[in-house]
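Spelled out from the first residue to the last, the chains are:
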Amino acid sequence: MGEEREERKAAGDEPGLGSGYREFSGRHEFPSNMVHGILAIGMWIGAMHFNVLLLLLCLLFLPFSKFLLVLGLLLVFVLLPIDPYSKLGRSLARYICKHLSSYFPTTLHVEDIRDFDPDRAYVFGYEPHSVLPIGVVTLAELTGFMPLPKLKCLATSAVFYTPFLRHIWTWLGATAATKKNFSSLLNAGYSCIVVPGGAQEAFLMERGSEIAFLRARRGFVRVAMETGCPLVPVFCFGQSHAYKWWKPGGKFFLQFSRAIKFTPILFWGIFGSPIPYQHPMHVVVGKPIELKKNPQPTVEEVLEVHGQFVQALQDLFERHKARVGYADLPLKIL
């Protein structure tokens, strides 16, 4: 199956692309329909809305003692151990990955598939965050497009304190974005997808342009240098159109977002629901930046490699924006 996918679209089909270029279409690989797509979305992010709705209804219509009982049950699900390799969980996660890839649809563009060795670990720096970094599903291990058997996505730790959502995201291959987790996974041979901009990037979103909050985000570069894992720039075009949104401004809201490691903004999709718009996404994977293992990099060394990554991401964006339909879209790196 992997070899068949690689042959879907090779470099010779488009001018200006190298012989290692590969393109994978979610809709072609995973034929689906609206019903399956909505079910996949419901399982993926529905837990957030379910928890809020459940607590609100219980508070309004049940005695306070019963409300506390429901709250206690939800707290149990926060503390309940999760088996990340559960057969049922992995089956649900595989269903979500395939039908989400087909729903929008997402298309993965890999500049040179030959640069990726299944026996190595890589650090994928994914931009932008947008309302939700939905496009990472295209890179997921269970989607199966990338030739890497061990992949994890680092997510805000707030996810892993949310009942039900923590189960789904763990089965999808997500783990808490802590330095300890990050380093341990790389040393164990897992490639890691990082969204460097995080909550603050969502706070800084603008309509009509893409924002990458990268200038002050150097921790992921340091960890890559410490472990000797190549840095890979990744950009997702179209993700910012999945939802309409509104967010308050001001310093207090920014500090609050940092404190809870999450940006509480209002967002909506089709008919005002949490179902995102079916806007095509193009996830472009650049060439890895090779690094020598450096257990104790200096500030200057980190700044130098960070500068290389920022420039590589900017160049990746400029190379591909016209060919995927965003010729006039600007990228602001803050």
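One can find the structure itself at the top, above this paragraph.
Residues numbered from 1 in each chain as written. Predicted model: local features only at pLDDT ≥ 70, side-chain atom pairs only at ≥ 80, totals over all residues. Heavy atoms only, no water.

Trainee: Could you give an account of the pairing of strand β6 (residues 191–194), naming the residues involved and the relevant values?
Mentor: In β6, alternate side chains face the same way, and those of S191 and I193 on one face and C192 and V194 on the other are all buried. Across three bridges, the pairing between strand β3 (residues 123–127) and β6 is parallel. Bridge assignment links V123 to a residue of β6, and that residue is C192. (Buried < 20%, exposed > 50% of the residue type's maximum accessible area, 1.4 Å probe, protein only. Helix = DSSP H or I, 4+ residues; strand = E, 2+ residues; numbered from the N terminus. Pairing = 2+ DSSP bridges.)

Trainee: Tell me about unusual backbone geometry, and please be specific about residues and values.
Mentor: Each neighbour pair has its own omega, and for F104 with P105 the value is -5°, a cis peptide bond. With respect to the helices and strands, the residue P105 is situated in the loop between α5 (87–103) and β2 (106–110). Even without a glycine there, the phi angle at F164 is positive, about 70°. Relative to the elements of secondary structure, F164 occurs in the loop between β4 (151–155) and α6 (165–171).

Trainee: Would you mind going over helix α3 (residues 34–61) in detail, with residue names and values included?
Mentor: The terminal C-alpha atoms of α3 lie 34 Å apart, and with 28 residues this falls more than 12% below the ideal 40 Å at 1.5 Å per residue. Of all the bends in α3, the greatest, near 65°, is centred on G46. Of all the residues in α3, the buried ones are G37, A40, I41, W44, I45, A47, M48, N51 and C58. The residue sitting at the N-terminus of α3 and contributing the capping side-chain oxygen is N33; that oxygen lies 3.1 Å from the backbone nitrogen of V35. (Expected span 1.5 Å × (residues − 1). Bend = angle between axes of the 7 residues up to and from the residue. Polar contact = N/O pair within 3.5 Å; in protein donor to acceptor, adjacent residues only side chain to side chain.)

Trainee: Quick rundown of the sheet that holds strand β5 (residues 174–176)? Include the residues and the values.
Mentor: Each strand in a sheet pairs with another by means of backbone hydrogen bonds, the pair being arranged parallel or else antiparallel. Read from one edge of the open sheet, eight strands run β1-β2-β11-β8-β3-β6-β4-β5, paired in mixed fashion. Looking along the sheet, the strands with just one partner apiece sit at the ends: β1 (22–25) and β5. Pairs of neighbouring strands in the sheet enclose a mean axial angle of 25°, with direction left out of account. Packing against the sheet, helix α7 (residues 179–187) makes contact with β3, β4, β5 and β6, and its axis sits at approximately 145° to β6. Relative to the sheet, helix α11 (residues 299–320) contacts β3, β8 (231–237) and β11 (281–285), its axis offset from that of β8 by approximately 35°. (Axes fitted to C-alpha atoms, helices over the stretch in contact; angles between N-to-C directions. Contact = heavy atoms within 4.5 Å.)

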